Amino acid sequence: EKLECLPVTGLQSQPPPEEQNYGATEAHERQGPFVSVSRNSSAKRDYLTVGVLCYANLINFMDWFIVPGILLDIQQYFNLSDGEAGLLHTVFILCYMLAAPFFGYLGDRYNRKIILGAGIFFWSVVTLGTSFISESYHWIFFLSRGLVGIGTASYSTVAPTIIADQFDEGKRTTMLSVFYICIPVGSGLGYVLASGMAGVTGDWHWAFRVSYSLSLMGLSLSLYLSGLFCYRLKSWIVHIGTSSHPILSNLSRFFLLTFSCSFVWSSLGLTAMAFVTGALGVWVPMFLHRAQVVQGTVSPCLEKSCSLSNSLIFGGITIGTGILGVIAGAEAARRLRKINNRADPLICATSMFVSALCLFIALMMAQRNITSTFIFIAFGELFLSANWAVVTDILLYVVTPRRQSTAIALQILVSHLLGDAGSPYLVGTISNVIQAKNNHSVQWGFRSLQYSFIICVFVGVIGGGFFLLTSFYVEDDRKEAEKL
């Protein structure tokens, strides 16, 4: 009712036919002048679409964590400090999050499958180019990671809303769970692929070349889903040429349709998750290596090729805990919603608190017992993974369908800007400062990372608090979104 006074023209008043069914909605629940969702596509094609998106998501996150999987080798090859090594991930995430709003804008207006295919093609080509960078051009390596971030932004922004187009609420949660399982699985496979190829070939560059081949397969599958490109491109050009865009009207409409208290607080909670997972993903193999050096079980890495066993183990842990965590989180949400309408944010809050506790115990035990450290890191990742699908489902039911891509893009921007864009670099920089103030020894090499990791524990607790705040508003915001 509150939008009746706003004039609507152009794209908003007369969306083209191929855009009218964008956004997740339940036809029997959400009715309004801006929602027209068709679910006439066959179930077989819907599941095929999810399968293709899951594969692309798997490859996407494999590319994210190839660098952490061989960070020791890259650090030796380019002669990088801890801070510079952490900056690699920061550059990637900064480009990723800054590109996300642009692709979110496009995703709300144009064919998402074409955007997705173009993004996969772009990051695949850049990944292949990365494998040919020589040691004297380390700045090109930083640049290439930023370009890969831009390519992956196009995929991460629009893929969840393609799934939302295909299924109603019950199946949507299940499909999102399958989709988000690919985040930890792909992340773990990134470690495994990177360390495995470096070990087999003796050259870490081959990890990027194999990743490129896998990305090409994802590109082929996405192009199959995209349909008739030339026909749709022509319709876009005609539509753009005949549309007008009143700026004030569109801005007012954008804020009213997108923002809610639940969206803001859950996005900040996701930011805390991203901060912790970003720092863990980059630094855990290095931290475990330094802990083993302190214990005397391994020797310091002084050669160009270093031991990759920690990356392999951590990659396996990431895969296993990711699968179990996403499934457990989705199942818990599905069951608890029947007795508590605020179950989703409460599950996320609890998971963040428990994960922070497990991480703290792992940090404290690292110098004495490496096995116990692995166990508690695994539990920490398990509880973090439980939130992936649940957080996205919160967004999809508290934001009106026609603004879901934009909302996801904004959430990506905030969560990565304040989260994993800076956390690896921050942890590395704090480690550098601690080492500079103490003797450059094996003991302080370990302690510097141990102490800098403590910040992740505090951020995890703060993230749990944000999800608790989300629970206060989620019921009202969901009802409001259903009216629009």
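Above this text is the structure in question.
In what follows, the accompanying structure is described. (Residues numbered from 1 in each chain as written. Predicted model: local features only at pLDDT ≥ 70, side-chain atom pairs only at ≥ 80, totals over all residues. Heavy atoms only, no water.)

**Quick word on the pattern of salt bridges**
Enumeration according to the criterion identifies six salt bridges in this entry. The partner of Arg 337 in a salt bridge is Asp 393, with the nearest N and O atoms 2.7 Å apart. Here the residue Arg 337 occupies a position in the loop between α12 (309–336) and α13 (343–365), and Asp 393 occupies one in helix α15 (residues 388–398), the gap between them amounting to 56 residues. (Salt bridge = Lys/Arg side-chain N within 4 Å of Asp/Glu carboxyl O. Helix = DSSP H or I, 4+ residues; strand = E, 2+ residues; numbered from the N terminus.)

**Observations regarding the side chain of Thr 318**
With respect to the helices and strands, the residue Thr 318 is situated in helix α12. Reaching out from Thr 318, the side chain makes a polar contact with the side chain of Glu 381 at a distance of 3.1 Å. (Polar contact = N/O pair within 3.5 Å; in protein donor to acceptor, adjacent residues only side chain to side chain.)

**Let's talk about helix α4 (residues 82–107)**
Helix length check: α4, at 26 residues, gives a terminal C-alpha distance of 37 Å against a target of 38 Å (1.5 Å per residue), a fit within 8%. The largest bend in α4 comes to about 30 degrees, at Ala 100, with the proline Pro 101 one to four residues further on. (Expected span 1.5 Å × (residues − 1). Bend = angle between axes of the 7 residues up to and from the residue.)

**Re unusual backbone geometry**
With phi around 55 degrees, Asn 79 is a residue other than glycine that occupies positive phi space. Secondary-structure assignment places Asn 79 in the loop between α3 (71–78) and α4. Residue Asn 79 is classed as exposed on the basis of its relative accessible area, which comes to 67%. (Buried < 20%, exposed > 50% of the residue type's maximum accessible area, 1.4 Å probe, protein only.)

**Section: empty space enclosed by the protein**
For the coordinates displayed, the defined rule picks out nine cavities of 30 Å³ or more. Volume-wise, the largest cavity comes out at about 560 Å³. Lining the largest cavity are 35 residues; nearest its centre among them are Phe 61, Trp 64, Ile 183, Trp 388 and His 416. Top contributing element to the lining of the largest cavity by residue count: helix α7 (residues 169–201), with six residues. (1 Å grid on protein atoms, 1.4 Å probe; cavity = no way out; pocket = protein on both sides within 12 Å on 5 of 7 lines; lining within 4 Å. Points joined across faces, edges and corners; volume = space filled by probe spheres on them.)

**Here's the deal with the environment of Ile 323**
Within the secondary structure, Ile 323 is located in helix α12. Distance from Ile 323 to Ile 183, taken between C-alpha atoms, is 9.1 Å for residues 140 residues apart in sequence. The residues touching Ile 323, leaving out its near neighbours within four places in the chain, are Ile 181, Pro 184 and Val 185. (Contact = heavy atoms within 4.5 Å.)

**Thoughts on the packing of α4 against helix α17 (residues 423–436)**
The N-to-C vectors of α4 and α17 enclose an angle of 170 degrees; their axes lie 7 Å apart at closest approach. By the angle between their axes, α4 is roughly antiparallel relative to α17. The residues of α17 that touch α4, namely those facing Asp 82, Gly 83, Gly 86, Leu 87, His 89 and Thr 90, are Pro 424, Tyr 425, Gly 428, Thr 429, Ser 431, Asn 432 and Gln 435. In the contact of α4 with α17, the residues fall into three nonpolar, nine polar and one charged. (Axes fitted to C-alpha atoms, helices over the stretch in contact; angles between N-to-C directions. Parallel < 35°, antiparallel > 145°, perpendicular 65-115°, else oblique. Nonpolar A, V, L, I, M, F, W, Y, C, P; charged D, E, K, R; others polar.)

**As for the packing of aromatic side chains**
Under the defined criterion, the tally for this structure stands at 20 aromatic pairs. When the ring of Tyr 77 is compared with that of Trp 204, the centres are 5.2 Å apart and the planes differ by 80 degrees; the resulting orientation is edge-to-face. Taken as a pair, Tyr 77 in helix α3 and Trp 204 in the loop between α7 and α8 (205–226) lie far apart in primary sequence, 127 residues in all. Take Trp 204: its relative accessible area is 6%, and that puts it in the buried class. Between Phe 141 and Trp 204 the ring centres are 5.9 Å apart and the planes differ by 90 degrees, which places this aromatic pair in the edge-to-face class. Note that Phe 141 is positioned in helix α6 (residues 138–166) and Trp 204 in the loop between α7 and α8, a separation of 63 residues in sequence. Both residues of the pair, Phe 141 and Trp 204, belong to the buried class. An aromatic cluster of at least three residues, connected via ring pairs, comprises Phe 61, Trp 64, Phe 65, Phe 92, Tyr 96, Tyr 191 and Phe 314. Sitting above the plane of the Trp 444 ring, Arg 447 keeps its charged end 5.4 Å from the centroid. The ring centre of Tyr 397 lies 4.3 Å from the NZ or CZ of Arg 478, which sits over that ring. (Phe/Tyr/Trp six-rings, centres within 6.5 Å; stacked < 30°, edge-to-face > 60°. Lys NZ or Arg CZ within 6 Å of the ring centre and 35° of its normal.)

Function-wise, these values are silent; they only describe arrangement.
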